[in-house]
Amino acid sequence: MVSFNRRSLLKGAAAAGAVGASGLLDFAKAWAQQAQWKPEANATLNVLRWKRFVPAEDAEFMKLVDAFSKATGVKMNISNESFDDIQPKASVAANTGTGPDIVWGLHSLPQLFPDKVLDVSDVAGYLGKKYGGWFPAAEATCKAKGKWAAIPVAVNGGYINYRISSIEKAGFKSVPRDTAGFLELCKALKANNTPCGFALGHATGDANGWLHWVLWSHGAYLADKDGKVSINSPETAKALEYCKALYATFIPGTASWNDSSNNKAFLAGELHLTNNGISIYAAAKADAALNAIANDMNHAEFPIGPVGKPQELQLTFPMLAFRFTKSPNAAKAFMAFLMDAQQYNPWLEAAAGYLTNTLQAYDNNPVWTKDPKNTVFKNAARNTLPASGIAPVDERAAAAIADFIVVDMFANYCTGREDLKGAMSVAERQAKRIYR
Amino acid sequence: MSQMTASGAGSAGRSERTLWQRLSHDRNFLGLVFMIPAAAILLMFLAYPLFKGVWLSFTDAKIGRDGVWIGLENYEWLWDDKIFWLSVFNTLVYTIVASIFKFAVGLYLALLLNEKLPFKALIRSIVLIPFVVPTVLSAIAFWWIYDSQFSIISWSLKNMGLINENINFLGDPNNARASLIFANIWRGVPFIAITLLAGLQTVSPSLYEAATLDGATRWQNFWYITFPLLTPIIAVVMTFSVLFTFTDFQLIWAMTRGGPVNATHLMATLGYQRAIMAGNLGEGSAIATAMVPFLLVAIMVSWFGLQRRKWQQGGRDD
């Protein structure tokens, strides 16, 4: 067992960066000798990952990729794609049997083609045992037909981002913890001309995130626990009414918003409350001109609705390897190496709250305590439901999210395009097609 | 025996040579041979994907899994699908409105550019810029121009005191449709203008001189000389323009993803969303296949409607 840790190494080093990197390599070599997955000779791994949002996270990731490559001799090619391009590329690779060996994607990507991916149950079992177990939603997201189809590397938490001064001016000390109180806050913000706003357009991350919270927090789900479509229900009607009341308090134009629209509006000082990852705060901290916003903003969990417990949809980042890879052991070794504390902790820290751990032991990571404004994001993996809600996690849930069924249902009703029954029946019909 | 064999072999050799000689001088055979590479490319890259797409539309194929034959089920489902019909409506509105405006503005621009202007070459190059800029880049530029909070149009109008609130360009269904159509027109006009300009330059000046001597006005010059002589080129350019507009994808996907509430979903974007994003290849292929009849009609109208040569030459139409 290697007896140093990264902190002690950094403390004792004159040139922290250089020694940190060599320390990582030493550890990687020791790890590679002990690891139960021995990469194939002359193995090459082509990894396709989502494009980073936090540069420090990417730098730390590349550092550990480099250490893994040097320690094991596995040639690593990393390519990046934007969120929306990962799934089509992974799908094409799955269909054609050629392409990247490893794909690090979004939501329940492995559920789209569970038969095409490498069974990584051994890696998941090993990591879960070593690091206090997986959070339930992460496990459900990556398990298909009783096997682990992917490793849930992290969760991207999206929470309420708000301007402290604005909610105080509206007469609130903090963001209310219940949906009724939250609506009152949004009304007060609107009255003060410091409005809130949430994406109602086809924004894969933000719109799906907050609208599934509205739906689920009212006890409504697209499909029930047996996978039977249940969207046409009194609970959904209540969720729609609540959403419409909330929509009336929004800044204009949210029906056209994509994932970056609320970031821009918040940083321009026009938007005072929205849902987002930590990226708005990170951008405000990084730019001297926006420091005033960083100081005046904070994060809060989504309020609790009538169901009485957190019901969030957070974005899981599963990493899968295809069965067609010529280097299955190298792929498994890389996944195990990435999730090992020696690599995972500094990487998680570098992500600065943008990513949340899926293994319980990493709750002790300093990222959650060194800046109190990060702390809310620690709960992302704990509070989220799988993308399917209470229904079995499978490819149908992924298809429903990709087809914006829930987003369009709310947008149809809020913008007045459909009445209550019409909005639910359109969604029900689409859902039944997928859940047949 | 040996003689017979020898003579048999000899006659066979003669007949082979004769056959080869005959074939090597046969224009039909050579035509066929020279056509094979082009035919192979067309079959491989055009016909095969097209038929594969049609085949997939009759299956329940999903990404990563072969489908089974389900007959017309995908089409039956789409027949009752409000969103599909909305996308058909959007596609028709988008194509018809954008094509009419592109033609009108393009023809006007071509006539202007055909006049004697100072810096003619420079102006013609500038006109081409919207067509040269990559679609995604122009889409992103328009996305900013139409932004609900940061639109330069809203900002300017507000500063001039003409409006109090930002214009909801992409958040309101009709505004969003109009905004996208405008972006498409901006992008498509140069193609039509420059192509028609090329056509205009083939019209012999002597025709105008003769007409002018006969006392024709400028309008009569245009209506009785320019327009009839331009119709073959208009037929070609409008066929292409309608096809490009009908199958547009990038502008929509980069700006609205089909939103708000599917008001700007074209058949191409809806097909992509269902086939690639949501993984339902069969249904997405059915949407794509459903585009084919519309495209065929558009081509027929252009070709049979505009390429009536008797009429162009002053004769009567059949």
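How each quantity is defined
- Residues numbered from 1 in each chain as written.
- Chains lettered and ligands numbered in written order.
- Predicted model: local features only at pLDDT ≥ 70, side-chain atom pairs only at ≥ 80, totals over all residues.
- Helix = DSSP H or I, 4+ residues; strand = E, 2+ residues; numbered from the N terminus.
- Buried ≥ 20, exposed ≤ 12 C-beta atoms within 10 Å, placed from the backbone.
- Contact = placed C-beta atoms within 7 Å.
- Rg over C-alpha atoms; globule rule 2.2 N^0.38 Å.
- Expected span 1.5 Å × (residues − 1).
- Domains from an automatic or database assignment.
- Nonpolar A, V, L, I, M, F, W, Y, C, P; charged D, E, K, R; others polar.
- pLDDT = per-residue confidence, 0-100.
- Axes fitted to C-alpha atoms, helices over the stretch in contact; angles between N-to-C directions.
- Parallel < 35°, antiparallel > 145°, perpendicular 65-115°, else oblique.
- Left-handed = near helix turned anticlockwise from the far one by under 90°.
- Core = buried A, V, L, I, M, F, W, Y, C linked by C-beta atoms within 7 Å.
- Pairing = 2+ DSSP bridges.
- Right-handed = clockwise from strand over helix to strand, strands pointing away.

Novice: So what's going on with the overall build of chain B? Which residues, and what values?
Specialist: In terms of regular secondary structure, chain B is built from 14 helices and zero strands. Ordered by position in the sequence, the α and β elements of chain B form the string α-α-α-α-α-α-α-α-α-α-α-α-α-α. Counting only residues that meet the buried cut, chain B has 33% of its 318 residues in that class. Pairs at least 24 apart in sequence give 67% of the contacts found in chain B among residues at least 6 apart.

Novice: Describe the overall build of chain A, with residues and values.
Specialist: Counting its regular elements, chain A contains 20 helices and eleven strands. The C-alpha radius of gyration of chain A comes to 22 Å, within 12% of the 22 Å expected for a compact globule of 436 residues. For the C-alpha atoms alone, the extent of chain A along its principal axes is close to 60 × 50 × 30 Å. For chain A, buried positions account for 56% of its 436 residues.

Novice: Lay out the environment of Glu168(A) in plain terms, naming residues and giving numbers.
Specialist: Checked against the element boundaries, Glu168(A) lands in helix α7 (residues 164-169). Sequence-wise, Glu168(A) and Leu189(A) are 21 residues apart; in three dimensions their C-alpha atoms are separated by 9.7 Å.

Novice: Before we move on, can you summarise helix α5 (residues 120-132) of chain B with the specific residues and values?
Specialist: Owing to its 3.6 residues per turn, the α-helix aligns residues three or four sequence positions apart on the same side. The end-to-end C-alpha distance of α5(B) is 18 Å, a good match for the 18 Å that 13 residues give at a rise of 1.5 Å each. When you tally the buried positions in α5(B), you get zero out of 13 residues, a small fraction of the element.

Novice: Lay out the domain arrangement of chain A in plain terms, naming residues and giving numbers.
Specialist: Residues and elements named next belong to chain A. Splitting chain A by domain gives domain 1 (37-157 + 325-383) and domain 2 (159-313 + 403-434). Taken together, the contact between domain 1 and domain 2 spans 15 residues of the former and 14 residues of the latter. Here the residues of the side of domain 1 that touches domain 2 sort into seven nonpolar, six polar and two charged.

Novice: Could you give me a rundown of the confidence of the model for chain B, with the residues and numbers involved?
Specialist: Residue and element names in this part refer to chain B. Overall, the predicted model of chain B reaches an average pLDDT of 87, with 90% of residues at or above 70. Model confidence for chain B, summarised as mean pLDDT per element, is weakest for helix α14 (residues 309-312) at 56 and strongest for helix α4 (residues 82-113) at 95. Predicted confidence is poor over residues 1-13, with pLDDT under 50, and the contacts of this stretch with residues over four places away or in other chains come to zero contacts. Interface predicted TM-score (ipTM) for the complex: 0.76; the corresponding pTM is 0.82.

Novice: Help me get a handle on the packing of helix α10 (residues 234-247) of chain A against helix α19 (residues 405-414) of chain A, residues and values and all.
Specialist: Each pair of packed helices can be summarised by the angle the axes make with each other and by the distance between the axes. Residue and element names in this part refer to chain A. In the contact formed by α10 and α19, the axes pass within 9 Å of each other and the chain directions differ by 60°. Between α10 and α19, the interaxial angle falls into the category oblique. α10 and α19 meet at a crossing whose hand is right-handed. Across from Leu-240, Cys-243, Lys-244 and Tyr-247 in α10, the residues of α19 making contact are Phe-410, Tyr-413 and Cys-414. Classifying every residue of the contact of α10 with α19 by side-chain character gives six nonpolar, no polar and one charged.

Novice: Hey, could you go over the domain arrangement of chain B for me, with residue numbers and the actual values?
Specialist: All names here are of chain B. Under the domain assignment, chain B is made up of domain 1 (2-57) and domain 2 (73-312). Once you take the C-alpha centre of each, domain 1 and domain 2 turn out to be 44 Å apart. Listed by partner, the interface residues are four residues for domain 1 and seven residues for domain 2. Residue composition of the side of domain 1 that touches domain 2, grouped by class: two nonpolar, two polar and no charged.

Novice: If you had to explain the interface of chain B and chain A to someone new, which residues and values would you point to?
Specialist: Often the size quoted for an interface is simply the accessible area lost on bringing the parts together. With 28 residues of chain B at the interface, the matching set in chain A holds 31 residues. Here the element with the most residues in the side of chain B that touches chain A is helix α12 (residues 267-277) of chain B; it accounts for four residues. Looking at the side of chain B that touches chain A residue by residue, the classes come out as ten nonpolar, 13 polar and five charged.

Novice: Tell me about the packing of helix α8 (residues 173-200) of chain B against helix α10 (residues 218-246) of chain B, and name the residues and values.
Specialist: All names here are of chain B. At their nearest, the axes of α8 and α10 sit 10 Å apart, and the two run at 150° to each other. It follows that α8 is roughly antiparallel to α10 by the angle criterion. The interaxial crossing formed by α8 with α10 has right-handed handedness. In contact with Asn-184, Gly-188, Phe-191, Ile-192, Thr-195, Leu-196, Gly-199 and Leu-200 of α8, α10 contributes Thr-226, Leu-230, Ile-233, Val-237, Ser-241, Phe-244 and Thr-245. A per-class count over the contact of α8 with α10 returns eight nonpolar, seven polar and no charged.

Novice: Tell me what's going on with the nonpolar core, and back it up with residues and numbers.
Specialist: Core analysis: the biggest nonpolar cluster contains 208 residues, and Phe68(A), Ile151(A), Leu222(A), Phe410(A) and Ala431(A) have the highest contact counts within it. Not counting residues within four places of it along the chain, the set of residues in contact with Phe410(A) comprises Leu200(A), Leu211(A), Val214(A), Leu240(A) and Cys243(A).

Novice: Now, about the pairing of strand β1 (residues 44-50) of chain A: what can you tell me, with residues and values included?
Specialist: Residues and elements named next belong to chain A. Of the pairings in the sheet, the one linking β1 to strand β2 (residues 75-81) comprises seven bridges and is parallel in character. What sits directly across from Thr-44, in β2, is Lys-75. Once the chain exits β1 it traverses helix α3 (residues 55-72) before rejoining the sheet at β2, and the crossover so formed is right-handed. Pairing of β1 with strand β3 (residues 102-104), which is carried by three bridges, proceeds in the parallel orientation. From the neighbouring strand, Arg-49 faces β3, where its bridge partner is Trp-104.

Novice: Got a sec to walk through the sheet that holds strand β9 (residues 297-300) of chain A? Specific residues and values, please.
Specialist: All names here are of chain A. Spatial strand order, β8-β7-β9: three strands in an open sheet with antiparallel pairing. At either margin of the open sheet sits one strand with a lone partner, and together these are β8 (273-276) and β9. Put simply, the sheet's adjacent strands are angled 30° from each other on average, direction ignored. Sheet analysis places strand β7 (residues 159-163) next to β8, joined by four bridges and oriented antiparallel. Bridged to Ile-160 within β8 is Asn-275.

Novice: Could you give an account of the pairing of β7(A), with specific residues and numbers?
Specialist: Residue and element names in this part refer to chain A. Most of β7 sits inside the fold, with five of its five residues counted as buried. As defined by bridge partners, β7 adjoins β9 across four bridges and the pair is classed as antiparallel. When the sheet's bridge partners are listed, Ile-160 is paired in β9 with Ala-300.

Novice: So what's going on with helix α14 (residues 328-339) of chain A? Residues and values would help.
Specialist: Residue and element names in this part refer to chain A. Taking 1.5 Å per residue, twelve residues should reach 16 Å; α14 reaches 17 Å between its end C-alpha atoms and fits that length. α14 sits mainly inside the fold: ten of its twelve residues count as buried. Turning to α14, its buried residues number three or more, namely Pro-328, Ala-330, Ala-331, Lys-332, Ala-333, Phe-334, Met-335, Ala-336, Phe-337 and Met-339.

Novice: A description of the environment of Gly157(A) should follow, citing residues and the corresponding values.
Specialist: For Gly157(A), the position within the fold is in the loop between β6 (151-156) and β7. When the C-alpha atoms of Gly157(A) and Gly353(A) are compared, they prove to be 8.2 Å apart, with 196 residues separating the residues in sequence.

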